[in-house]
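If you want the building blocks of each chain, they are given just below.
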Amino acid sequence: RGSSYSLDPVKASNHPSGAKFLLKNMGWYDRISSFKLSEGCRKVKLFDDDPGNVFEGYAQNPTYTSDKSSLSDDLNNDVWQIIVWAKPIPGTPPFQPGQGKAPSNLPQPKPVKFNPAKDHLFAEPCRVS
């Protein structure tokens, strides 16, 4: 059994399109050989470090909805990024991008007048000669 790392918690309300974790920033670049989903995790997408060409390999970017005790040969120790989706909180409406509209009956905001008092210098800076 090797090392393990727990990602920061992800909330569906804060990250409806999933939370991105760059493994380079966390010291886990090309070091993932398995993963375990927590109870609140809906799915994860792993991003293959292959560049996507015939010479160096095509990228495999699968999405999983359950734990994987071992990754395929192509993904094993070859993942550079993970996107994590949390399960929705019961009772919350599903996220629908671009569905909201501004209410038409809002009054115009009043202008804000900002006139700060003059600043006073309480101590002079030290002068070095």
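Residue numbers restart at each chain and count upward from 1, following the sequence in its written direction. The predicted origin of the model limits local features to residues at a pLDDT of at least 70 and limits the giving and counting of side-chain atom pairs to 80 or more, whereas totals for whole chains, interfaces and linings rest on all residues. As a rule here, side-chain values cover all heavy atoms of the structure and leave hydrogens and water aside.

Peer 1: What is the right way to look at the nonpolar core in this model?
Peer 2: Proteins that are soluble and globular tend to have nonpolar side chains buried together. Within this scheme, the nonpolar core is defined by two criteria: the residues are buried Ala, Val, Leu, Ile, Met, Phe, Trp, Tyr or Cys, and they are joined through side-chain atoms within 4.5 Å. Each residue is placed in one exposure class: buried if its accessible area under a 1.4 Å probe, protein chains only, is under 20% of its type's maximum, exposed if it is over 50%, and partly exposed if it falls in between. Among the nonpolar cores identified, the biggest contains 19 residues, and Val 44, Leu 71 and Val 79 are the most heavily contacted of them. Numbering of helices and strands runs from the N terminus, with a helix taken as a DSSP run of H or I at least four residues long and a strand as a DSSP run of E at least two residues long. Residue assignment for this core shows that the elements contributing at least two residues are strand E1 (19-22), strand E2 (41-48) and strand E4 (79-86). The element best represented in this core is E4, accounting for four residues. If near-sequence neighbours (up to four positions away) are discounted, Val 79 is found in contact with Leu 23, Trp 28, Tyr 29, Asp 30, Ile 32, Leu 46, Phe 47 and Leu 71. Contacts: residue pairs with any heavy atoms within 4.5 Å of one another.

Peer 1: Would you mind showing me how to read the packing of aromatic side chains here?
Peer 2: Pairs of aromatic rings are described using the distance from one ring centre to the other and the angle between the two planes. By convention, a stacked pair of Phe, Tyr or Trp rings (six-membered ring in the case of Trp) has centres within 6.5 Å and planes under 30 degrees apart, an edge-to-face pair has planes over 60 apart, and any other such pair is tilted. Using the criterion set out here, one finds three aromatic pairs in the structure. Ring plane angle 55 degrees and centroid distance 5.3 Å describe the contact between Phe 35 and Tyr 64, whose orientation is recorded as tilted. Linking Phe 35 in the loop between helix H1 (23-26) and E2 with Tyr 64 in strand E3 (residues 63-64), this pair joins segments that are 29 residues apart in sequence. An identical accessibility class is assigned to Phe 35 and Tyr 64; each is buried. Of note, Arg 31 hangs over the ring of Trp 28, and the distance from its end group to the ring centre comes to 4.3 Å. In this scheme, the term charge over a ring applies when either NZ of a lysine or CZ of an arginine sits within 6 Å of the ring centre and within 35 degrees of the ring normal.

Peer 1: Could you clarify how one ought to interpret the confidence of the model for the chain in this entry?
Peer 2: Parts of the prediction with low pLDDT should not have their coordinates interpreted in detail. Within the chain, residue pLDDT values average 84, and 85% of them lie at 70 or more. Here H1 is the element of the chain with the lowest mean pLDDT, 85, and E3 is the one with the highest, 96. Known as pLDDT, the predictor's confidence for each residue is given on a scale from 0 to 100.

Peer 1: Would you mind going over the side chain of Asp 48 with me for this structure?
Peer 2: In this fold, Asp 48 is placed in strand E2. With no salt bridge to any partner, buried Asp 48 finds its closest opposite charge in Lys 45, at an N-O distance of 12 Å. Any pair of N or O atoms that falls within 3.5 Å is considered a polar contact. Within protein, one atom must be able to donate a hydrogen and the other to accept it, and sequence-neighbouring residues count only if both atoms are side-chain atoms. A polar contact is formed between the side chain of Asp 48 and the backbone nitrogen of Gln 60, at a distance of 3.1 Å. Other than its neighbours up to four places away in sequence, Asp 48 contacts Tyr 58, Ala 59, Gln 60, Asn 61, Asp 74, Leu 75, Asp 78 and Trp 80. Neither His nor the chain ends contribute to the count of charged residues, in which Lys and Arg are positive and Asp and Glu negative. For this document, the term salt bridge refers to a Lys or Arg side-chain nitrogen within 4 Å of an Asp or Glu carboxyl oxygen.

Peer 1: I'm lost on the pairing of E4 in this one. Help?
Peer 2: On a regular strand, one side chain projects to one face of the sheet and the next to the other, so that they alternate. Summarising burial for E4: seven of the eight residues are buried, a large majority. With four bridges joining them, E1 and E4 adopt antiparallel strand pairing. From the neighbouring strand, Phe 21 faces E4, where its bridge partner is Ile 82. Examined bridge by bridge, E2 and E4 share seven bridges and lie antiparallel to one another. When the sheet's bridge partners are listed, Phe 47 is paired in E4 with Gln 81. By definition, two strands form a pair when at least two bridges between them are found by DSSP.

Peer 1: Looking at this structure, I do not really get unusual backbone geometry. What am I missing?
Peer 2: Where the residue is not glycine, phi is negative for most of them; where a peptide bond is considered, it is trans in most cases. Unusually for a residue other than glycine, Asp 30 sits at a positive phi of about 55 degrees. Mapping Asp 30 onto the fold places it in the loop between H1 and E2. Unusually for a residue other than glycine, Asn 77 sits at a positive phi of about 55 degrees. Tracing the sequence through the fold places Asn 77 in the loop between E3 and E4.

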